[in-house]
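# Commentary on secondary and tertiary structure
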Amino acid sequence: MLRIYVWGYLAFLAFPILIITLFAFHASPALTFPFEGVSLRWFADLWADPNFVSAFKNSVIVATVASILTSILGTMVALALIRLSPKPRAALSFISFAPIALPGLFIGASLLVLFDRLGIYRSLVTVILAHTLFCLPFFVEAVRSRVAYFDLDLELAARDLGATRWQAFRLVTLPLLLPTIIGGAILSFALSFDEIIITVFVVGEQSTLPFYILSLLRRTVTPLINAASVLAIIFTLLVLMLAGTVLWWQARREKSARIGEGVVG
Amino acid sequence: MSTTALVELKSLGKAFGNFVALKDINLDIQRGEILTLLGPSGCGKSTLMRIIAGFEQPSSGQLLLNGSDMVALPPEHRPVNMVFQRYALFPHLDVFDNIAFGLRLKKMPETEVRDRVRKMIDLVQLGPMADRWISEISGGQSQRVALARALVNEPQVLLLDEPLAALDLKIRQLMLAELRRIQETTGTTFVYVTHDQDEALVLSSRIALMDHGRIVQLATPDQIYFQPNSMFAARFLGETNVIEGIVTSIGKSKIHVTMSDGVIVSSQNATSIRVGDTVNAVIRPEAVVAIADGKRTATGPNSFKAQLKSVVPIGGRLMATALLPDGTSVRFQQPRLDSQVNFDSGSQVQISWPEHVVSVLPKET
């Protein structure tokens, strides 16, 4: 019974992805069965569309920069959380978590007003800033649990053994937090890559991938949407796999360095 | 070698807001000794240690090392290393790299680093563990790594913050012996923080007994055990009998304390007591001798008839409580060779103790 439920649940989750993927390779523009043969024509069409190529490129740029910015800011928040005593820590956690509960519409609209007031033109820069704002609470939430049991004595021990503040951070705190930070960065990348609601408000002339897909939808229902979505999915999966490989490789390198015993400090 | 103390604390104080953590601490730490800071939690011993390590700044007073002021030095520049209570070993490094951490920061050539780490690993008997991750070793082994990681830097002072608190009893006893051996081998000055009187008594050259941010008594373990200078000291270290009385005379070498059932005589030095004061005479249970009544009659001071209230044999020892006629209870302890000596509850005994074991202390401190 449980087994059936689990399979049903997985099917429910994966079904839309399967359908979209299936029709992305459909030879005919019809989004209905029966299936009339396999083709890559929609992908070719997409690739021929300069709007798609630039939107895709923009999304990669935005997601990359936004996740890096988020990681830096978020790590600083995490370091503060490590040092705070329980009460202010709970307060800061709550405040940084609060934007998650705000509707994206609200954030988008207020950013639109803010940028307008400050005289900042809407461009990829405003999108990056908005996405950083959007991702930060998720990042902090993702690293919070790891930070909660970080032993501050580790930093003191490093200082005691001759490390300056900076060395203690670089040699002890950062390596220990790095897997968590990378995890948060990947999450931020994925969130930014398909963010649409806030983007609608702050985007300039340069479009992002979700925005491009949305604008396709506004004209007609075209199979191009399927192809673009499939590409987005594949790209996200690739990023996740890459990150996983990096982490795995890093663990392996540490292990072999340990066996070789030749680590130079 | 100069004759001054290695570390000198001069009227050192520390306050956190309104809370006074340390008050007027004066303490000289001698080269090569094991000085224990002993006291209940919250007495300021850990704060004092963190000030020596450089993690906290004193609010007032001086901290000297080899005669020169150390207060302005950040922890990384102090020739002092610490063994943390929960070890604080770096989980992303293996045993070897943990121990090598301090040497590599000093940019020591790698061959020399390996040499010194190897020697240290041998000293703390961790030979086969060098390649293990920190998560792969036991508590006792972690303790050894923490010791090695600190000692490899050849600190002038090694600070140990309750280093055995996280270990179970058997390993704790083993590690106590190990600490002694390592201290004797290296000759390093140890400052040892603990709330455990047994650890302090076994390990220390001297004990600084602390309470409420002050050093209550600074003395050798024997002095502090047999001649406590306050009720706090008497009660904190081991079990004691407390008998209330009034000082009737203070002679050259003897103090007489009169209580309702007789006179107690002490040959210890009088400290801040005067004739007429209500005082406590303090006697350790193991200093009390009991014999079955009738074999000898009670004569003279420090000898009393008493009635046994309870007798508890604990293997080779006998723990018993006797009541003096006025109802004061006296606990005593003696070795039990076999069941020949049969003290029964309710029977009459005669208890006595020598003069030199009696400490006469002001009643309230």
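To be clear, the structure that these remarks concern was listed above.
Report follows, based on the coordinates. If you're wondering where the values come from, they're calculated on a predicted model, not measured in any experiment.

### Notes on the environment of Cys-135 of chain A
Residue and element names in this part refer to chain A. In this structure, Cys-135 sits in helix α6 (residues 124-148). With a relative accessible area of 0%, Cys-135 lands in the buried category. Put simply, Cys-135 and Ile-4 are 131 residues apart on the chain and 36 Å apart in space, counted from C-alpha to C-alpha. Residues contacting Cys-135, with those up to four places away along its chain left out, are Thr-70, Ser-188, Leu-191 and Ser-192.

### A short note on the nonpolar core
Residues and elements named next belong to chain B. Counting residues in hydrophobic clusters, the biggest one holds 55 residues, and the most contacted among them are Leu-37, Leu-48, Leu-63, Phe-90 and Leu-159. Excluding residues that lie within four positions of it along the chain, Leu-37 makes contacts with Leu-27, Lys-45, Leu-48, Val-191, Tyr-192, Val-193, Thr-194, Ala-208 and Met-210. Membership of the second largest hydrophobic core comes to 39 residues, among which are Phe-96, Leu-103, Ile-134 and Ile-182.

### Structural notes on the pattern of salt bridges
Tallied over the entire structure, the rule returns 22 salt bridges over all chains. Measuring nitrogen to oxygen at the nearest pair gives 3.8 Å for the salt bridge that ties Arg-86 of chain B to Asp-151 of chain A. Of this pair, Arg-86 of chain B sits in the loop between β6 (80-83) and α2 (95-105) while Asp-151 of chain A sits in the loop between α6 and α7 (153-160), placing the two residues on different chains. We classify Arg-86 of chain B as exposed; its relative accessible area is 55%. Taking the shortest distance from any N to any O, the salt bridge between Glu-178 of chain B and Arg-181 of chain B comes out at 2.9 Å. Of the two residues, Glu-178 of chain B and Arg-181 of chain B both sit in helix α5 (residues 169-186), 3 residues apart, roughly one turn of that helix.

### Observations regarding the interface of chain B and chain A
Across the boundary between the two partners, chain B contributes 33 residues, which contact 24 residues of chain A. The interface formed by chain B and chain A contains 3 salt bridges. Two residues, Arg-159 of chain A and Glu-76 of chain B, come together in a salt bridge whose shortest N-O distance is 2.7 Å. Applying the counting criterion to the chain B and chain A interface returns 4 residue pairs in polar contact (both at pLDDT 80 or more). Of all the secondary structure elements, the ones that give two or more residues to the side of chain B that touches chain A are β6, α2, α3 (110-123) and α4 (139-151) of chain B. For the side of chain B that touches chain A, the element with the highest residue contribution is α2 of chain B, accounting for 6 residues. Across the side of chain B that touches chain A, the residue classes break down as 15 nonpolar, 4 polar and 14 charged.

### Observations concerning a nonpolar patch on the surface
Residue and element names in this part refer to chain A. On the surface, a cluster of nonpolar side chains totalling about 950 Å² of accessible area is made up of Leu-2, Tyr-5, Val-6, Trp-7, Tyr-9, Leu-10, Phe-12 and Leu-13. Tracing the sequence through the fold places Tyr-5 in helix α1 (residues 2-24). A relative accessible area of 54% places Tyr-5 in the exposed class.

### Here's the deal with the sheet that holds β6 of chain B
All names here are of chain B. The 6 strands lie next to each other as β6-β7-β8-β3-β9-β10, forming an open sheet whose pairing is mixed. Every other strand in the sheet has two partners, leaving β6 and β10 (214-219) as the edge strands with one partner each. Here the average twist between neighbouring strands, direction ignored, is 20°. Relative to strand β8 (residues 189-194), strand β7 (residues 157-161) runs parallel, the two sharing 5 bridges. Residue pairing across strands places Val-157 opposite Thr-189, the latter belonging to β8. Running at roughly 145° to β7, helix α1 (residues 45-53) makes contact with β3 (34-38), β6, β7, β8 and β9 (206-211) of the sheet.

### Details of the sheet that holds strand β13 (residues 262-266) of chain B
Residue and element names in this part refer to chain B. A sheet is described by the order of its strands in space; here 5 strands give the open sequence β13-β12-β11-β14-β20, paired in antiparallel fashion. Of all the strands in the sheet, the pair left with one neighbour each is β13 and β20 (359-362). Neighbour-to-neighbour, the strand axes of this sheet turn through a mean angle of 45°, independent of strand direction. In this sheet, strand β12 (residues 255-259) lies alongside strand β11 (residues 241-250) in antiparallel orientation, the contact comprising 4 bridges. Within the sheet, the bridge partner assigned to Ile-246 lies in β12 and is Thr-258.

### Quick notes on the pairing of β12 of chain B
Residue and element names in this part refer to chain B. Here β12 shows a buried face lined by Ile-255, Val-257 and Met-259 and an unburied face lined by His-256 and Thr-258. Counted between consecutive antiparallel strands, the loop separating β11 from β12 contains 4 residues. Two elements, β12 and β13, share 5 bridges in a ladder whose sense is antiparallel. Looking across to β13, one finds that Thr-258 is bridged to Val-263. Taking the residues that link successive antiparallel strands as the turn, the β12-β13 hairpin has 2 residues.

Reading guide: rules and limits
- The residue numbers shown here count from 1 along each chain, following its written sequence.
- Here every chain gets a letter starting at A, and every ligand a number starting at 1, in the order they are written.
- Owing to the predicted nature of the model, reporting of local features is limited to residues with pLDDT of at least 70; listing and counting of side-chain atom pairs is limited to 80 or more, with chain, interface and lining totals taken over all residues.
- As a rule here, side-chain values come from all non-hydrogen atoms in the structure, and water together with hydrogens is ignored.
- Secondary structure elements are taken from DSSP: a helix is a run of H or I of four residues or more, a strand is a run of E of two residues or more, and numbering for both begins at the N terminus.
- The cut-offs for exposure are 20% and 50% of the maximum accessible area for each residue type, with area from a 1.4 Å probe on protein chains only; residues under the lower value are buried, those over the upper are exposed, and the others partly exposed.
- In this description, contact between two residues means that some pair of their heavy atoms is separated by no more than 4.5 Å.
- Among buried residues, those of type Ala, Val, Leu, Ile, Met, Phe, Trp, Tyr and Cys that are joined through side-chain atoms within 4.5 Å constitute a nonpolar core.
- Put simply, a salt bridge is a Lys or Arg side-chain nitrogen that is within 4 Å of an Asp or Glu carboxyl oxygen.
- Throughout this description, a polar contact denotes any pair of N or O atoms lying within 3.5 Å of each other; where both atoms belong to protein, one of them has to be capable of donating a hydrogen while the other can accept it, and for residues adjacent in sequence the pair is counted only when both atoms sit in side chains.
- Note that Gly is not counted as nonpolar here; it falls among the polar residues with everything else outside the nonpolar set of Ala, Val, Leu, Ile, Met, Phe, Trp, Tyr, Cys and Pro and the charged set of Asp, Glu, Lys and Arg.
- For patch detection, residues must exceed 30% relative accessible area and be free of salt bridges, and they are connected within 9 Å for like charges or within 5 Å for nonpolar side chains (Val, Leu, Ile, Met, Phe, Trp, Tyr).
- All accessibility values rest on the Shrake-Rupley procedure with a 1.4 Å probe; residue burial counts only the protein chains present in the view.
- One requirement defines pairing of two strands: DSSP has to find at least two bridges between them.
- The angle between two axes is taken between their N-to-C directions and runs from 0 to 180 degrees, where each axis is a line fitted to C-alpha atoms and a helix contributes only its stretch in contact.

Read these as layout, nothing more, since geometry by itself doesn't imply function.
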